[in-house]
Amino acid sequence: MGSAGKRRILWLLPLLALGLWTLRPAAVPADAALPGVPAPQPGARQPERKYIALTFDDGPRRSTTTRLLDGLAERGVKATFFLIGAQVEDNQDVVRRMDEQGHQIGLHTYDHVLLTGLNQADFDAQVKRSRTLLKQVLGHNDFLLRPPYGILDEAVKTRAECPIILWSIDPEDWKYRNARQVAAHITANAQDGSIILLHDIFPESVDAALQVVDELHRQGYLFCTVDELFSLRGIPLRAGETYCSAYP
Ligand SMILES: [Zn+2]
């Protein structure tokens, strides 16, 4: 190749880079086609998008959480997991997989204890210790908090140092242990902006979650992480504040 040809190629490089940059994926692919979501018929009226967040407490538990991650991956669905620190220790690979699959991760204390009535040292042994452990495992430190039993007071809010996420749909899966009943409760109460509470330590809850994904996909819902749910609504999540839903 002559030097004129080389010069032309060098001149084209910035243009090529600009072209690639404009082709980058958008930060929130709100209208992206998702696996499991039927593509709209040409000319058909687009149904309005509804967004909902699945959240799972008390894990990870290797057997059930792994099956859930498989099922969510097959369906292209992202969820949010509030983890017990003590269970992270022996399941670090499962937690890394969650993170790599794009799920959001939150704290649910180290030993699943009530956070109210603790002194600062005991609070730190539950929340700060879990945060430090997850930071070691994942290399980032942006975790939401869900207090066990959803019980909190002003001291918990002050010490949280991150947003506190509760829920708007509780099918009491831990009590009923019945996939069909739990899934029916969720689909009957689902709304645009709901946050669903489940526990990925029960096989029935994993079954219920996957049934819910399939049914709500048919109804036009898209599943997203808690951060995405609020970001799509333009609601900023602030440290020490409590959030139960992101209703429009
Ligand atoms: Zn819990």
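No experiment lies behind these values; they were computed from the predicted model shown.

Trainee: So what exactly am I meant to see when it comes to the packing of aromatic side chains here?
Mentor: Any two aromatic rings considered together are summarised by their centre-to-centre distance and by the angle between their planes. Scanning the entire structure with this criterion turns up two aromatic pairs. Measuring from centroid to centroid gives 5.2 Å for F56 and F81, while their planes differ by 25°, and the two rings are stacked. Taken together, the positions of F56 in strand β1 (residues 50-59) and F81 in strand β2 (residues 80-83) put the pair 25 residues apart, joining distant regions of the chain. Judged by its relative accessible area of 0%, F56 is buried. An angle of 70° between the planes, with centres 5.4 Å apart, marks the rings of F230 and Y243 as edge-to-face. Placement of F230 in helix α10 (residues 226-232) and of Y243 in strand β8 (residues 242-243) is noted, with a sequence separation of 13 residues between them. Taking relative accessible area as the criterion, Y243 reaches 9% and is therefore assigned buried. Here R129 stacks its cationic end above the ring of Y110, 3.7 Å away from the centre of that ring.

About the thresholds
- Residue positions are given per chain, counting from 1 as you read along its sequence in written order.
- Two thresholds apply to this predicted model, a pLDDT of at least 70 for residue-level local features and 80 or more for giving and counting side-chain atom pairs, whereas whole-chain, interface and lining totals are computed over all residues.
- The basis for every side-chain value is the complete set of heavy atoms in the structure, and neither hydrogens nor water enter the calculation.
- Stacked, tilted and edge-to-face pairs are distinguished by plane angle, under 30 degrees for stacked and over 60 for edge-to-face with tilted covering the rest, among Phe, Tyr and Trp rings (Trp via its six-membered ring) whose centres lie within 6.5 Å.
- Going along the chain from the N terminus, every DSSP run of H or I of four or more residues is numbered as a helix, and every run of E of two or more is numbered as a strand.
- Think of it in three bands: residues with accessible area under 20% of the maximum for their type are buried, residues over 50% are exposed, and the middle band is partly exposed, with areas taken using a 1.4 Å probe on protein chains only.
- The criterion is that NZ of a Lys, or CZ of an Arg, lies within 6 Å of the ring centre and within 35 degrees of the ring normal, and then a charge sits over that ring.

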